[in-house]
Amino acid sequence: MAGPDLAELVRPGRAALILQEVQNGVVGEEAVFADLASAAASAGVIPRASELAAAARAAGIPVVHATAENLPGRFGWNRNARLFGAARKAGAANEPGTASVRPVPSVYAEGDIVLPRYHGLSPMADGQLDALLRNTGITTVVLAGVSLNVAIPNLAFDAVNRSYQVVIAADAVAGTPVSYGEEVLKNSLALVATLTTAGDLVTAWSG
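Below you will find a few notes about this structure. In this text, all values refer to a predicted model and were calculated from it rather than measured experimentally.

Regarding the overall build of the protein
Move 1: What the protein contains, in helices and strands, is eight helices and six strands.
Move 2: In the protein, the succession of α and β elements from N to C terminus is α-β-α-α-β-α-β-α-β-α-β-α-β-α.
Move 3: Counting the 207 residues in the protein, one finds 47% classified as buried.
Move 4: Pairs at least 24 apart in sequence give 83% of the contacts found in the protein among residues at least 6 apart.
Move 5: Put simply, the protein shows about 9,600 Å² of open surface, and 53% of that area lies on carbon and sulfur atoms.

Here is the structure:
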């Protein structure tokens, strides 16, 4: 799946690994959406994200955990989409400092960057991620995590619109139903991103 220019696209100094909502309250022990957590488990999102993160750190690639949080007192909570209402109904408080917003332990290591998102659907929209990446000289974002229903496409499109190269570890992302996620990769994300595998990325970073 990897193109001949993958190693150059993701070389140290140019790329950052963005782990989208690989956190306890989404795909970990406190996951509130069982179907999504099950899809992520069957796809091997957590072990592959862990492998990617370890290889990235060893190569000097920044590892960024893009987490979803809600401020206390429901200040600024989103109320303009069914997804947000469903999350609240399912008990996804995701308040800062709670276990639900922490990255899954096997994927996190000291020195990683954790950037909470307090509103919206994408960490690239109007948070700090874009500016921090640019200040670091990053031109390629490597994506893994969830979900292929909403957040991964949103992040990919936002990144492309901001002139980043986007690389997606296609076996380290998931959506629900699983077949739908596969179609999103094939018919939408393949048009704007380089689709590869976690193994190919580990090889590129190990080289």
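Re the sheet that holds strand β6 (residues 194-196)
Backbone-to-backbone hydrogen bonds pair the strands of a sheet. The strands run either parallel or antiparallel.
Move 1: Judged by pairing direction, the sheet is parallel, and its six strands sit side by side in the order β3-β2-β1-β4-β5-β6 without closing on themselves. The outermost strands of the open sheet, each flanked by one partner alone, are β3 (113-117) and β6. Each strand of the sheet is rotated relative to its neighbour by a mean of 25°, with strand direction disregarded.
Move 2: Here strand β5 (residues 165-174) runs beside β6; their pairing, made up of three bridges, is parallel. Paired with A169 across the bridge in β6 is T196.
Move 3: In the packing of helix α2 (residues 34-43) onto the sheet, contacts are made with β4 (140-146) and β5, and the angle to β5 comes to roughly 95°.
Move 4: Lying over the sheet, helix α8 (residues 198-206) contacts β1 (15-20), β4, β5 and β6, oriented at roughly 130° with respect to β5.

A short note on the environment of S100
Move 1: Relative to the helices and strands, S100 resides in the loop between α4 (82-89) and β3.
Move 2: Take S100: its relative accessible area is 10%, and that puts it in the buried class.
Move 3: Sequence spacing of S100 and V27 is 73 residues, and the spatial spacing of their C-alpha atoms is 9.7 Å.
Move 4: Beyond its immediate sequence surroundings of up to four residues, S100 is in contact with Q23, N24, G25, E30 and N94.

Re the side chain of S122
Move 1: Relative to the elements of secondary structure, S122 occurs in the loop between β3 and α5 (129-136).
Move 2: A distance of 3.1 Å separates the side chain of S122 from the backbone nitrogen of M124, its partner in a polar contact.
Move 3: Within polar-contact distance, the side chain of S122 engages the side chain of D158 at 2.7 Å.
Move 4: Beyond its immediate chain neighbours, meaning those up to four positions away, S122 contacts R117, N154, L155 and D158.

Some words on helix α3 (residues 45-59)
Since there are 3.6 residues in each turn of an α-helix, residues three or four apart along the chain are aligned in direction.
Move 1: When the terminal C-alpha atoms of α3 are compared, their 21 Å separation across 15 residues agrees well with the 21 Å that a helix rising 1.5 Å per residue should span.
Move 2: Among all positions in α3, only V45, A49, L52, A53, A55, A56 and A59 are buried.
Move 3: The inward-facing, buried residues of α3 abut β1, α2, β2 (63-68), β4, β5 and α8.

Some words on the pattern of salt bridges
Move 1: Evaluated as defined, the whole model comprises seven salt bridges.
Move 2: In this structure, R11 and E8 form a salt bridge, with 2.8 Å as the shortest nitrogen-oxygen distance.
Move 3: By relative accessible area, E8 is classed as partly exposed at 41%.
Move 4: The salt bridge partner of D171 is R48, with a shortest N-O separation of 3.4 Å. Placement of the pair is D171 in strand β5 and R48 in helix α3, with a sequence separation of 123 residues.

Some thoughts on the nonpolar core
Move 1: Grouped together as the largest cluster of nonpolar side chains are 33 residues, with contacts concentrated most on V10, L17, L19, L52, V142, L201 and W205.
Move 2: Put simply, the parts of the chain that give this core at least two residues each are α1 (6-9), β1, α2, α3, β4, β5 and α8.
Move 3: Per-element accounting of this core gives the leading share, seven residues, to α3.
Move 4: Aside from chain neighbours lying at most four places away, what touches L201 is L6, V10, L52, V142, V167, A169 and T196.
Move 5: If you look at the next biggest cluster of nonpolar residues, it comprises 26 residues, including V64, I138, L155 and Y164.

What counts and how
Residues numbered from 1 in each chain as written. Predicted model: local features only at pLDDT ≥ 70, side-chain atom pairs only at ≥ 80, totals over all residues. Heavy atoms only, no water. Helix = DSSP H or I, 4+ residues; strand = E, 2+ residues; numbered from the N terminus. Buried < 20%, exposed > 50% of the residue type's maximum accessible area, 1.4 Å probe, protein only. Contact = heavy atoms within 4.5 Å. Areas by Shrake-Rupley, 256 points an atom, 1.4 Å probe, with all protein chains shown as cover. Pairing = 2+ DSSP bridges. Axes fitted to C-alpha atoms, helices over the stretch in contact; angles between N-to-C directions. Polar contact = N/O pair within 3.5 Å; in protein donor to acceptor, adjacent residues only side chain to side chain. Expected span 1.5 Å × (residues − 1). Salt bridge = Lys/Arg side-chain N within 4 Å of Asp/Glu carboxyl O. Core = buried A, V, L, I, M, F, W, Y, C linked by side-chain atoms within 4.5 Å.

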